[in-house]
Amino acid sequence: SNVVAVLHRRSGHWACVAGKPGSGAAIRVVDCVQLSSDEEIQPWLEGINASSVRVVLPSSEVICRTCTLPDGDEDTLDETLRLQAETQLLGTAPAHRMATAAPPSSGSDAVRTGLILAWPESSPFDAPSMEFTPLYVPDVAGLCSLLDGRRPAEPVVWLDPHHDSLA
């Protein structure tokens, strides 16, 4: 199976969507449900034959920083981002709970912006119980992936009143 399930806690329930690769870069939605308890998650995952699971972390649980990056190739950007992450978030979270990304340049930018994310172990996020080992994805990373390499003219904002957070 190549079905990917995404779980997002919303207003006391789990908003769940499952998709699989379609033609080209498209994703075909297989199922979309709201589950009221953690106990419903595992049967749903088995029913859709999920091969992997992503759990969305609210931005209130994640540290997000930006940094400026010098002009250069991807290897230079990656190394600079890694060093910036170590400098800005030293000791905040273990390496497996940190991520960096260099969103695309608009072409007219003099510098690039880097994104540094960390999910501290002190986070009180209540993860769902399931047999799968999920990957945890900050909501701001989800926003970046929706851009698909493009830069909008206006800011993209995600407001989550249930977690009192803004990404």
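Anything mentioned here points back to the structure above.
Residues numbered from 1 in each chain as written. Predicted model: local features only at pLDDT ≥ 70, side-chain atom pairs only at ≥ 80, totals over all residues. Heavy atoms only, no water.

A few points about the environment of leucine 166
Item 1. Tracing the backbone shows leucine 166 in strand 10 (residues 165-166).
Item 2. Each C-alpha atom, one on leucine 166 and one on proline 58, is 8.7 Å from the other, the two residues being 108 residues apart in sequence.
Item 3. In contact with leucine 166, other than residues within four places in its own chain, are Ser59, Val157, Trp158 and Leu159. (Helix = DSSP H or I, 4+ residues; strand = E, 2+ residues; numbered from the N terminus. Contact = heavy atoms within 4.5 Å.)

Structural notes on the side chain of histidine 8
Item 1. Tracing the backbone through its elements, the reader meets histidine 8 in strand 1 (residues 3-10).
Item 2. Judged by relative accessible area, which is 13%, histidine 8 ranks as buried.
Item 3. For histidine 8, the residues in contact, after removing those within four places along its chain, are His13, Trp14, Ala15, Val56, Trp158 and Asp160. (Buried < 20%, exposed > 50% of the residue type's maximum accessible area, 1.4 Å probe, protein only.)

Some points on the sheet that holds strand 3 (residues 27-35)
Item 1. Across the sheet, which stays open at both edges, the 5 strands sit in the order 3-2-1-4-8 with mixed pairing between neighbours. Because the sheet does not close on itself, it has two edges, and the strands there are strand 3 and strand 8 (135-138). On average, each strand axis in the sheet is inclined to that of its neighbour by 25°, with strand direction left out of account.
Item 2. The pairing of strand 1 with strand 4 (residues 50-57) spans 5 bridges and is parallel. Paired with valine 6 across the two strands is arginine 54, which belongs to strand 4.
Item 3. Packing of helix 3 (residues 139-147) onto the sheet brings it into contact with strand 4 and strand 8, and relative to strand 8 it is tilted by some 75°. (Pairing = 2+ DSSP bridges. Axes fitted to C-alpha atoms, helices over the stretch in contact; angles between N-to-C directions.)

Here we look at the nonpolar core
Item 1. By size, the foremost hydrophobic cluster in this structure holds 22 residues, and its most contacted members are Leu7, Trp14, Trp44 and Leu45.
Item 2. Elements with a minimum of two residues in this core: strand 1, strand 2 (13-21), helix 1 (41-47), strand 4 and strand 7 (112-118).
Item 3. If one sorts the elements of this core by residue count, strand 4 sits on top with 4 residues.
Item 4. Not counting the four nearest positions on each side in its chain, leucine 45 is found in contact with Ala5, Ala50, Val53, Met130 and Phe132.
Item 5. Counting 9 residues, the second-largest nonpolar core is a separate cluster that includes Leu69, Leu77, Leu81 and Ile116. (Core = buried A, V, L, I, M, F, W, Y, C linked by side-chain atoms within 4.5 Å.)

As for unusual backbone geometry
Item 1. In the Ramachandran plot, serine 11 falls in the positive-phi region, its phi being about 50° despite a non-glycine side chain.
Item 2. The residue serine 11 is located in the loop between strand 1 and strand 2 in this model.
Item 3. Classification of serine 11 by relative accessible area gives partly exposed; the value is 45%.
Item 4. For asparagine 49, which is not glycine, the phi torsion reads 60° and is therefore positive.
Item 5. Residue asparagine 49 is classed as partly exposed on the basis of its relative accessible area, which comes to 47%.

Just geometry here; none of it tells us what the structure is for.
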